[in-house]
Amino acid sequence: MLNYFYRKLSLLFFITFGVTVFVFSLNYLFPTDVLSNMSGITNINEIDYDVIAQKYNLNDSVFTQYFGFVGRLLDGDWGVSFINGTSIFNQVFRVLPATIELAIYALLYSFIIAIPLGILASSDKHPWLDKSILALSIIGFSMPIFWLALLLILIFSIGLGWFPTSGRLSLIYNIPSSSGFLFLDILRSNIDYKSEALADAFKHLVLPTFVLAAYPTTVLIRTTRQSMKDVMNTSYVKAAKIKGLTSGQLLRRHGLRNGLLPVIQMLGIHFGTVITLAIVTEVIFAWPGIGSWLVDAIHQRDYPAIQGGLLVISGMVFVATILFDLLYMIFDPLARRHGHGKI
Amino acid sequence: MRLLDIRNLNIELITNDSTIKAVESANFSMKMAEVSGLIGESGSGKSLVAKALVGMLNNRWEVTADRLHFMGQDLNRMSESKRRKVISDNISMIYQEPRRCLDPTSNIFSQLEESLPDYEFSGWFGAKKELRLKKCIRLLHKVGIKEHEKVFNSYPHMLSEGICQKIMIAMAIAKEPKLLIADEPTTSLEADTSLKVIKLLKSLNQLKEMGVIFITHNLFSITSWADSINVMYCGQLIESGLTKNIINSPKHPYTKALFDSEPDFNSRDANNKQKLYALKGTIPTLQHLPIGCRLGPRCPNAQRACVKMPEQQKVKGQFFRCHYPLQQKPLNNNWKKA
Ligand SMILES: Nc1ncnc2c1ncn2[C@@H]1O[C@H](COP(=O)(O)OP(=O)(O)OP(=O)(O)O)[C@@H](O)[C@H]1O
Ligand code: SF4
Ligand SMILES: [Mg+2]
């Protein structure tokens, strides 16, 4: 167990190192002045220049600059935006919860939809069901997500008017932001139109979640189907069947735990893709998350903001990877093995 | 009533371009509480017969039989779920690959506990749980595992092959089945435990009237207590009959060769170096079976008629497949004593 954590921690260390080196080097690679990139202050005059250069170790070696950079990252001093001069750190962590929320709901949704469908498709008893579920998942897999999003907006928002086209909450609701997670904030606030606000937030969530979930759902359906097929064919499941377990017991006690292992692994692998898709989704639905914020920063050539966004998104991806790894370990005793003797 | 009665059992492997007959027209029957040995070389299809019986083969295999009776019930005419119920209530199996038959992600206790029949141990929930735990501990002690606590909390990958096999045996006898299929149950056990296990199975056979199909290629372990012996070669049951008849007068050259190829430790001149008897050649693969009698190319008595597949014959309750059954008594008579 300790060994495992040690391995994961050293991996985390090297990844962090790589990402910070990359982001740091962006200071030099972006077209504007190095000091401006670092501090976020534009048009620095002669007098201030020396003072600021002193602070950012600009006259020392690159290594000292890098360590200064890491130190400032840890302190939460991520520079200020070119555009509005506010702290990047505050901005990033103000928009991040919206993205996490969207990603979690989408993954949850795809999990809830995909696992039962995958299990149904894996059964030999209904080949037609298998075929139709597979066909559906291939359609979902090959449909470009921006096109799907526009189609859904056209039908459900503009045509039927069931769901709003963009945003996270109607402007008429004024919810004080404490955690940044909307549902939590609404529940914690003491406004007297809570249920209406919740319903409105839910309505805003439906389309983006569905769009973002399309890709992971199709991947999960196929992974679940294959791995359940494999597991139900193993000797140990058949041996358990001969013990007299019912199909339900078989699935609960042996099928799911073994069958879901590859699914968890798949989720971990595809989380990065999901975040990329989340950026696209956010832009289309004007969802105020880190994705649309980063795209705005890119449009406006706000270099310090781009750096901050990159850092946070890559950080989010590898934290999630480690979480999925832990989840995998909880399910699989083989991964937990720590080389003790046999009896 | 017969415990088991199988006529013309065929097991075929369906591949993309052909079907391969792995077991061909096997007839097999057992009385209640009978011990029946199934002997044959590796790859002769012993495990396949056993797996087909309990319905463990996947849909790449096609199993057909003209008659498949178990304790007077026709398994062929039952619905899938009924058959599953009959089999799981009455038959259990000790698998040849114990580790592959244990779920790697759940601990030994839960796997052993689910082998106990549900209806056993009435009482309120806590008491029932307690009783089941006690029963599991007793089972482990029976098969010679003393550290039950440690084993209960282990996962299969933490245990040695031998322990896994013992657990397999404990699971198989947990519900006191009417028929136990033991597929080489003692291969990964040390000699004294192996004797203990056989003793355990013997006592269950006598006390609980449990029929046993004992699959092995070690003749020693079977001749002393099996009531009848069935010999397989290349997917065919080539000879079957009562143990004493088979020992005294094997009709099929292969059966005789099997007996002759065992080193004879009982005879007085065991110290003398003597050549072990062996048939020439090796067992053919299923894809390249000879025409006619399957033993043909290796048989010392083969003659012209052997290019035609011999049909099963019956002489004094002994079944065999050979055009030229042996008449003489075998030279090596020590099997009676074994
Ligand atoms: N899953 C499989 N796919 C293809 N062929 C198989 C499969 N399982 C078994 N066979 C073939 O079927 C034949 C019979 O195999 P089986 O396992 O019944 O032999 P066995 O008599 O139990 O041998 P052993 O003493 O080694 O256990 C063998 O020739 C084997 O190659
Ligand atoms: S039929 Fe012929 S080849 Fe086959 S076992 Fe008998 S004697 Fe040998
Ligand atoms: Mg075998």
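Before reading further, recall that the structure is shown in the block above.
Draft legend 1. A look at the overall build of chain A. The helix and strand inventory of chain A stands at 14 helices and 0 strands. Mapped in sequence order, the helices and strands of chain A form the string α-α-α-α-α-α-α-α-α-α-α-α-α-α. By principal-axis analysis of the C-alpha atoms, chain A measures approximately 85 × 65 × 40 Å. Scored against the burial criterion, the 343 residues of chain A give a buried share of 46%. Put simply, of all contacts in chain A between residues at least 6 apart along the chain, 68% involve residues at least 24 apart. For chain A, the accessible area works out to roughly 17800 Å², and carbon and sulfur atoms hold 68% of it. Positive and negative side-chain charges of chain A, numbering 24 and 20 respectively, have mean locations separated by a distance of 22 Å.

Draft legend 2. Representation of the coordination of the magnesium ion (ligand 3) in the model. Distances from the magnesium ion (ligand 3) to its protein donors, namely Ser47 of chain B (OG) and Gln96 of chain B (OE1), fall within the range 1.8 to 2.1 Å. Here Ser47 of chain B, found in helix α1 (residues 46-54), pairs with Gln96 of chain B, found in the loop between β7 (91-94) and α3 (108-113); they are 49 residues apart in sequence, far enough to count as distant.

Draft legend 3. Fine view of the site of ligand 1. All names here are of chain B. Taken together, 15 residues lie near ligand 1, and Ser42, Gly43, Lys46, Ser47 and Gln96 sit nearest. For ligand 1, an oxygen atom lies 2.9 Å from a polar atom in the backbone of Gly43. Lys46 is positioned such that a nitrogen or oxygen atom in its side chain is 2.9 Å from an oxygen atom of ligand 1. Starting from 630 Å² of accessible surface for ligand 1 in isolation, the protein chains cover 65%. Broken down by element, the residue count for the shell around ligand 1 peaks at 3 residues, all from α1. Its residues assigned to classes, the shell around ligand 1 shows 4 nonpolar, 7 polar and 4 charged.

Draft legend 4. A look at the pairing of strand β9 (residues 211-216) of chain B. Residues and elements named next belong to chain B. Of all 6 residues in β9, 6 are buried; the element is thus mostly enclosed. The side-chain alternation of β9 yields two buried faces, one formed by Gly211, Ile213 and Ile215 and the other by Val212, Phe214 and Thr216. As paired elements, strand β3 (residues 35-40) and β9 share 5 bridges and run parallel to each other. Its bridge partner lying in β9, Ser36 is registered against Ile213. Pairing of strand β8 (residues 179-183) with β9, which is carried by 5 bridges, proceeds in the parallel orientation. By the bridge assignment for β9, Ala182 is matched with Phe214. Handedness of the β8-helix α7 (residues 191-207)-β9 crossover: right-handed.

Draft legend 5. View of the site of ligand 2. Lining the immediate environment of ligand 2, one finds 13 residues, of which Cys293, Cys299, Cys306, Cys322 and His323 of chain B sit closest. In the shell around ligand 2, the residues fall into 9 nonpolar, 4 polar and no charged.

Draft legend 6. Quick look at the interface of chain A and chain B. Listed per partner, the contact involves 28 residues of chain A and 33 residues of chain B. A combined buried area of about 2700 Å² lies between chain A and chain B, and 53% of that area is made up of carbon and sulfur atoms. The tally of links between chain A and chain B comes to 2 salt bridges. Between Lys243 of chain A and Glu114 of chain B there is a salt bridge; the shortest N-O distance is 3.2 Å. The interface formed by chain A and chain B contains 11 residue pairs in polar contact (both at pLDDT 80 or more). Mapped onto the side of chain A that touches chain B, the elements with two or more residues apiece are α10 (235-242), α11 (247-285) and α14 (333-336) of chain A. Partitioned by chemical class, the residues of the side of chain A that touches chain B number 10 nonpolar, 8 polar and 10 charged.

Draft legend 7. Focus on the packing of aromatic side chains. Residues and elements named next belong to chain A. Evaluation of the coordinates by the stated rule reveals 14 aromatic pairs over all chains. Ring geometry for Phe141 versus Tyr215: centroids 5.8 Å apart, planes at 20°, classification stacked. Of this pair, Phe141 sits in helix α6 (residues 127-142) while Tyr215 sits in helix α9 (residues 194-232), and the two are 74 residues apart along the sequence. When its relative accessible area of 39% is taken as the criterion, Phe141 is described as partly exposed. Here Phe156 and Trp162 contribute two aromatic rings whose centre-to-centre distance is 5.6 Å and whose plane-to-plane angle is 40°, an arrangement assigned as tilted. In this structure Phe156 comes out as partly exposed when scored by relative accessible area, which is 24%.

What counts, and at which threshold
Residues numbered from 1 in each chain as written. Chains lettered and ligands numbered in written order. Predicted model: local features only at pLDDT ≥ 70, side-chain atom pairs only at ≥ 80, totals over all residues. Heavy atoms only, no water. Helix = DSSP H or I, 4+ residues; strand = E, 2+ residues; numbered from the N terminus. Buried < 20%, exposed > 50% of the residue type's maximum accessible area, 1.4 Å probe, protein only. Contact = heavy atoms within 4.5 Å. Areas by Shrake-Rupley, 256 points an atom, 1.4 Å probe, with all protein chains shown as cover. Lys, Arg positive; Asp, Glu negative; His and termini not counted. Charge placed at Lys NZ, Arg CZ, Asp CG, Glu CD. Donors = N, O, S within 2.8 Å, 3.2 Å for Na, K, Ca; no water. Near = heavy atom within 4 Å. Polar contact = N/O pair within 3.5 Å; in protein donor to acceptor, adjacent residues only side chain to side chain. Nonpolar A, V, L, I, M, F, W, Y, C, P; charged D, E, K, R; others polar. Pairing = 2+ DSSP bridges. Right-handed = clockwise from strand over helix to strand, strands pointing away. Buried area = accessible area lost by both parts, 1.4 Å probe. Salt bridge = Lys/Arg side-chain N within 4 Å of Asp/Glu carboxyl O. Phe/Tyr/Trp six-rings, centres within 6.5 Å; stacked < 30°, edge-to-face > 60°.

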